[in-house]
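Structure at a glance
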Amino acid sequence: MVDTPHTSGTGNVIDVEAERKSKEAYFTAGQYALIWARFKKNRSAMAAGVILIILILMGITAPFLSPYDPNIAGRDADYQNGAPQIPKFWDENGFSFRPFLYTLERKRSAATNFRWVTEVNKDQRRYVQYFVKGWKFYILNIDLDLPGDTFDFRLKALPIDTHLFGMDKGNIHLFGTESAGKDIFSRTMFAIWTSLAVGTIGVFIGFVLALMIGGVSGYAGGWVDSILQMITDAVRTVPAIPLFMALAAMVPDEWSAQTRFFFISIILGLIGWPTLARRIRTHLLTERSQEYVLAAQLCGASAGHIIRRHLLPSFSSYIIVDLVISFPYMVLSETALSFIGLGLKDPVNSLGVLLQNVTKVDVLLNYQWYFIPAGFFMALVLAFVFVGDGLRDAADPYSGH
Amino acid sequence: MLQFSRFVTMRFIMAIVTLLMVSFIVFSLTEMVPANCAERYLAFKNTQGEQITVADIRAEEIRMGLDKPYVIRWVNWVADVLVRGDLGTSCILRVRVNDLLGNKFWISLGICLASLMLAYIIAIPVGIYSATTNKPGLNNFLRFISYLGLAMPNFLLALMIMLASTILFGDSLTGLFSKEFREAAWSYARFKDFLGHAWLPVIILGWSATAFALQTVRALISDEYGKLYVTAARARGLSGRRLLWRYPARHALGPIINSLGFDLNRVFNELPIIALILTLTEAGALLLESLARSNDQQLAGAIIFMLTASIIGLNFFTDVLLAVLDPRIRRGIMGSG
């Protein structure tokens, strides 16, 4: 792990001193400092970490980054199934510091057989503007509509209407538009946010369940452990996606998109716990019989004290790693569910919802930009997998580097 | 031998217990779907123009045995499935689930097992090779492929292949049978036609299984390869393929056989989605249809149960196989039994 010191004999005194200091720092470093030091050495994991942070930031700042409302309210009726528009800095008419697009003109005349055609007017430039005022997004916008009236809850507050970029005239669609004219770029940003949110809620619920079941099983041992393990194994044997499908099919059609969203996340968590529960149990079972626990018990420490001060710190880093590793599975499951139409539905934008329409032959042949969100989806999952693997290697003191 | 048969019996009983637990989970699931079978069916009749009263629904419930308590209905269902192999009646279609599924289930199982086999045929040699050579370029490439296998879910792969084949060949490569064989009885020609179509789902389903298996095999072999017994064998003059096959490969075999059940689980996960994209008409698609469109809980429950039962069956089989193959486990059974 630590580089073996160079014993070159006539070593410079200052060098030796610095080396001693760095070794000292290494030996006295806390657990998380060590993990971070090892993680930093893993270049692919670091690169994935940067990409992951960028994607998370994109998700969080989605309302600011999106020039248009991702839902039907923000549709561009004049540019349906439109191709991506990439801003230019330069063309045969000269250079401009401010990126620009051409003006599209819709015409019909005898020349076009009286059909509407879109023409590009290269002489009329439209310029990209920054920090423009646009559509309003409410940060606090809760619309809970459960069956029955007592739990209904509505709140709209904290609007944002400044967006990173926009056009002086007309619209800009970086990733094109879909059949209703909704901006795919804005939808993708919001979809990243939704997928992250679903994953977070799912992982959290799965984690709480796993901690309870795995914790009881591991700490109690004996027949409690045997029974809980049998149940865990039984749940693990059922293929998850068909099970998700069966559970998701129970959602009544009249539920609002947001209620549906919470329900789907909860289902993901309810099914995702067994793997984590098993790991927590195994950790607890091995740690519980270690000498330091016995020593603490002999010193008269209470069970609660031992769990809090000795057992939890001993595997908290593993739990964090496990959570990161299980995250992409949540995102994958949500995407698969939404893709087949049993998960989230249209007003909510998730990566699975965005991919729903791509199986149509029409799309396959003519509108390939529908596939752009798939790239973001793959980047998100890959980044999580790489970071998770890097963390796992870094958290394991015996991983042979 | 006696102890071995005792082990097999014990393991079989455990499999049955797991099966019972799973059946309880699945049965509870079908029960949680709002509205029961009688109401759903009669509501369907209602849309056909028949007048339905509450009394009709109650009568139907009694006829179907829905008035009995939950546990008793579960016991009846399980007994029917396990003893007579009768999966019950579909809620909406009013046809026996066995007739509906027919050999569709076996076709899907065949496709899944074939893709699993394909995965290991590729993964074992390639994984062993990559674990034992130290070509960083190759290893990084394989690692990337493995990660891609996870990050690019099979449905995306299927979409890409469809996209490519629509553009290149003008044929979207969907379905399991050509038109003329769809309803025909099994014959050699139909089987050939089936094979001509089935290779694509097999490859697509095998894709992420291969990526996972590759990673597992590589990790296992490279773990074993650094161990002292390999060094010792090398010191005795063994090298190359003989060393590899005699020691590390045999050690790694156990965990691989053990993981087969979960690999099948993973393949089943992809099945309904692939079935949707490639418009396959087998159990996966039927499951999707029963859930998404008609909300037919009896049929869906039966399919999930059958899928899980085949995983449990495979787990049982691999455990017995492992006991036969691995002398350590065999001794464990004989010794303690």
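What counts and how
Residues numbered from 1 in each chain as written. Chains lettered and ligands numbered in written order. Predicted model: local features only at pLDDT ≥ 70, side-chain atom pairs only at ≥ 80, totals over all residues. Helix = DSSP H or I, 4+ residues; strand = E, 2+ residues; numbered from the N terminus. Buried ≥ 20, exposed ≤ 12 C-beta atoms within 10 Å, placed from the backbone. Contact = placed C-beta atoms within 7 Å. Rg over C-alpha atoms; globule rule 2.2 N^0.38 Å. Nonpolar A, V, L, I, M, F, W, Y, C, P; charged D, E, K, R; others polar. pLDDT = per-residue confidence, 0-100. Axes fitted to C-alpha atoms, helices over the stretch in contact; angles between N-to-C directions. Parallel < 35°, antiparallel > 145°, perpendicular 65-115°, else oblique. Left-handed = near helix turned anticlockwise from the far one by under 90°. Pairing = 2+ DSSP bridges. Core = buried A, V, L, I, M, F, W, Y, C linked by C-beta atoms within 7 Å. Expected span 1.5 Å × (residues − 1). Arc of directions from axis to C-beta.

Further remarks concern the overall build of chain B. If you tally the helices and strands in chain B, you get 15 helices and 0 strands. The buried share among the 337 residues of chain B stands at 34%. For chain B, the proportion of contacts with a sequence separation of at least 24, taken over those separated by at least 6, is 73%.

Before going further, it helps to examine the overall build of chain A. A count of helical and extended segments in chain A gives 13 helices and 4 strands. Against the 2.2 N^0.38 benchmark of 21 Å for 401 residues, chain A shows a C-alpha radius of gyration of 27 Å, more extended than a compact globule. Expressed as lengths along the three principal axes of its C-alpha atoms, the size of chain A is roughly 95 × 70 × 40 Å. By residue count, 33% of the 401 residues in chain A fall in the buried class. For chain A, contacts bridging at least 24 residues in sequence account for 72% of all contacts bridging at least 6.

Frequently, the measure chosen for interface size is the accessible area that the parts lose on association. Each side of the interface is counted separately: chain A has 34 residues, and chain B has 38 residues. Of all elements in the fold, only α6 (222–237), α7 (240–248), α10 (303–339), α12 (361–366) and α13 (372–395) of chain A reach the threshold of two or more residues within the side of chain A that touches chain B. Top contributing element to the side of chain A that touches chain B by residue count: α7(A), with 7 residues. Residue composition of the side of chain A that touches chain B, by class: 30 nonpolar, 3 polar and 1 charged.

Low pLDDT marks stretches whose predicted atomic positions should not be read closely. Residues and elements named next belong to chain A. Confidence in the prediction of chain A, expressed as mean pLDDT, is 78, and 92% of residues score 70 or more. Per-element averaging of pLDDT across chain A places α12 at the bottom with 72 and helix α3 (residues 43–60) at the top with 89. With pLDDT under 50 throughout, residues 1–5 is counted as low confidence; its partners more than four residues away or in other chains account for 4 contacts.

Before going further, it helps to examine the packing of α6(A) against helix α8 (residues 257–288) of chain A. All names here are of chain A. Across the interface, α6 lies against α8 with an axial gap of 9 Å and an inter-helix angle of 140 degrees. Here α6 lies oblique to α8, going by the angle between them. Considering how the two elements wind past one another, α6 and α8 form a crossing that is left-handed. Where α6 approaches α8, its residues T232, V235 and R236 are matched on the opposing element by P274, A277 and R278. Grouping the constituent residues of the contact of α6 with α8 by class yields 3 nonpolar, 1 polar and 2 charged.

All names here are of chain A. In this sheet, strand β2 (residues 94–107) lies alongside strand β1 (residues 88–91) in antiparallel orientation, the contact comprising 3 bridges. Within β2, the residue paired with K88 across the bridge is F100. The antiparallel pairing of β1 with β2 creates a hairpin that spans 2 residues between the two strands.

In this section: the nonpolar core. Ranked by size, the top nonpolar core spans 141 residues in total, and within it A:F244 and B:I274 carry the most contacts. Per-element accounting of this core gives the leading share, 14 residues, to α13(A).

Our focus in this paragraph is the packing of α7(A) against helix α12 (residues 248–277) of chain B. Direction vectors running N to C along α7(A) and α12(B) enclose 50 degrees, while the axes themselves pass 6 Å from each other. Classed by the angle they form, the pair α7(A) and α12(B) counts as oblique. Counting all contacts with α7(A), which are made through A:A240, A:I241, A:P242 and A:M245, the residues of α12(B) involved are B:F268, B:N269 and B:P272. Of the residues contributing to the contact of α7(A) with α12(B), the split by class is 6 nonpolar, 1 polar and no charged.

Glancing now at the environment of A:Q129. All names here are of chain A. Within the element layout of this structure, Q129 appears in strand β3 (residues 117–144). Judged by C-beta crowding, with 16 C-beta atoms within 10 Å, Q129 ranks as partly exposed. Beyond its immediate stretch of four places on either side in the chain, Q129 contacts F165, G166, M167 and D168.

Time to look at α3(A). All names here are of chain A. Between its terminal C-alpha atoms α3 stretches 26 Å, which fits the 26 Å expected from 18 residues at 1.5 Å a residue. Taken residue by residue, α3 has A45, A48, L52 and G59 as its buried positions. Within α3, the buried residues cover an arc of 60 degrees as seen down the axis, which keeps them to one side. Seen from the open side of α3, the exposed residues pointing more than 90 degrees away from its buried face are R43, V50, I53, I54 and L57. Those residues of α3 that are buried are in contact with α2 (31–41), α4 (62–65), α5 (184–220) and α13.

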